[in-house]
Amino acid sequence: MLRRVLCLAFFSGALLVFGLTSASAEQLYTLKTKYLTLKYENVQDLNTFNEKIDFSPDTSSFSSFSGTSQSSAGTGVEKKMANKLDALVEKVQLILDMRKPINIIIRIYPDETALHTAYFNIFKTRKKLRAWYIFEYNTIYVNAQDLFSGMLAHEIAHAIVDHFLAVRPPRATAEILARYVDRHLNEKAKVY
Ligand SMILES: [Zn+2]
């Protein structure tokens with residue numbers, strides 16, 4: 001659902017750079033995990049985001065998930081969250097059979113209004129998406145209050161698919177793969 005607006009994103013590149021510059025002036029908090037960089041405006045948003053992501057790693061299917069986290073997370077809660085999110089990324093990689101080093105930015109907005117405003121600021125048009133991913137900025141945009149693990153896995157799948165192949169697949173192909181991932185996230189990944 002995301003990539004149909006990407007041409008527009010490219011077209012308004014100068015505006016995007018300006019928008020990103022002013023966004024960074026807001027002094028966002030950053031939390032790095034092994035695979036993700038979370039950017040958020042306040043700790044409450046991070047907590048809400050964390051509560052929405054209900055995911056238990058199936059440890060039996062992971063060889064690399066051994067608890068040696070490379071995250072910058074400080075507190076116990078943050079470490080637990082980082083491990084959960086990294087396990088989610090690894091599960092998506094496992095389902096897709098696309099394992100390659102990756103670091104994806106997740107911009108967490110506090111509410112629907114903030115998310116829709118962000119969309120308008122980037123694309124200069126209104127569209128009420130619940131989440132989206134922009135390849136050119138390697139960033140997933142989410143609303144902390146309207147999120148679940150399948151939704152995040154879907155967007156992570158877009159990022160992984162777009163970065164894994166030498167040539168990005170057609171948007172229909174990418175969407176089919178991302179939907180497969182969110183529907184089968186909690187099942188044992190098939191091995192081919
Ligand atoms: Zn999609």
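Our structure is the block above this text.
Notes on the structure follow. Quantities reported herein were computed from a predicted structural model and do not represent experimental measurements. (Residues numbered from 1 in each chain as written. Predicted model: local features only at pLDDT ≥ 70, side-chain atom pairs only at ≥ 80, totals over all residues.)

1. What to know about the overall build of the chain
When its secondary structure is counted, the chain shows seven helices and five strands. Secondary structure of the chain in N-to-C order comes out as α-α-β-β-α-α-β-α-β-β-α-α. Excluding contacts between residues fewer than 6 apart, the proportion of contacts in the chain whose partners are at least 24 apart in sequence is 73%. (Helix = DSSP H or I, 4+ residues; strand = E, 2+ residues; numbered from the N terminus. Contact = placed C-beta atoms within 7 Å.)

2. Quick notes on the pairing of strand S1 (residues 29–32)
Bridging between S1 and strand S2 (residues 36–40) involves four bridges; their strand directions are antiparallel. Bridging from a neighbouring strand, tyrosine 29 pairs with tyrosine 40 of S2. The antiparallel pairing of S1 with S2 creates a hairpin that spans three residues between the two strands. (Pairing = 2+ DSSP bridges.)

3. Considering the sheet that holds S2
Spatial ordering of the open sheet is given by S1-S2-S3-S5-S4, a layout of five strands whose pairing is mixed. With partners counted over all chains shown, the strands left at the sheet margins are S1 and strand S4 (131–134), one partner each. Shown here is a sheet whose adjacent strand axes are inclined to one another by a mean of 20°, direction ignored. As paired elements, S4 and strand S5 (residues 139–143) share four bridges and run antiparallel to each other. Considered in S5, the bridge of isoleucine 134 is made with threonine 139. Lying on the sheet, helix H5 (residues 112–123) is in contact with strand S3 (104–109) and S5; it crosses S5 at an angle near 145°. (Axes fitted to C-alpha atoms, helices over the stretch in contact; angles between N-to-C directions.)

4. Brief notes about the nonpolar core
Within the largest apolar cluster, 40 residues are counted, with the highest numbers of intra-cluster contacts made by Val92, Ile108, Ile140, Val142, Ala153, Ile156 and Ala157. Contributing elements (two or more residues each) for this core: S2, helix H3 (43–52), helix H4 (76–96), S3, S4, S5, helix H6 (149–164) and helix H7 (171–184). A per-element tally of this core places H4 first, with nine residues. The contact partners of alanine 157, leaving out residues within four places of it in the chain, are Val92, Leu96, Leu177, Ala178 and Val181. (Core = buried A, V, L, I, M, F, W, Y, C linked by C-beta atoms within 7 Å. Buried ≥ 20, exposed ≤ 12 C-beta atoms within 10 Å, placed from the backbone.)

5. Comments concerning H4
Counted at 1.5 Å a residue, the expected span for H4 with its 21 residues is 30 Å, and the 30 Å between its end C-alpha atoms agrees. At the C-terminal side of H4, aspartate 97 shows a positive phi close to 55°. (Expected span 1.5 Å × (residues − 1).)

6. Observations concerning the environment of threonine 48
Within the secondary structure, threonine 48 sits in helix H3. Overall, the presence of 19 C-beta atoms within 10 Å leaves threonine 48 in the partly exposed class. A sequence separation of 98 residues divides threonine 48 from aspartate 146, and the C-alpha atoms of the two residues are 9.5 Å apart. When residues no more than four places from it in sequence are discounted, the contact partners of threonine 48 are Ala144 and Gln145.

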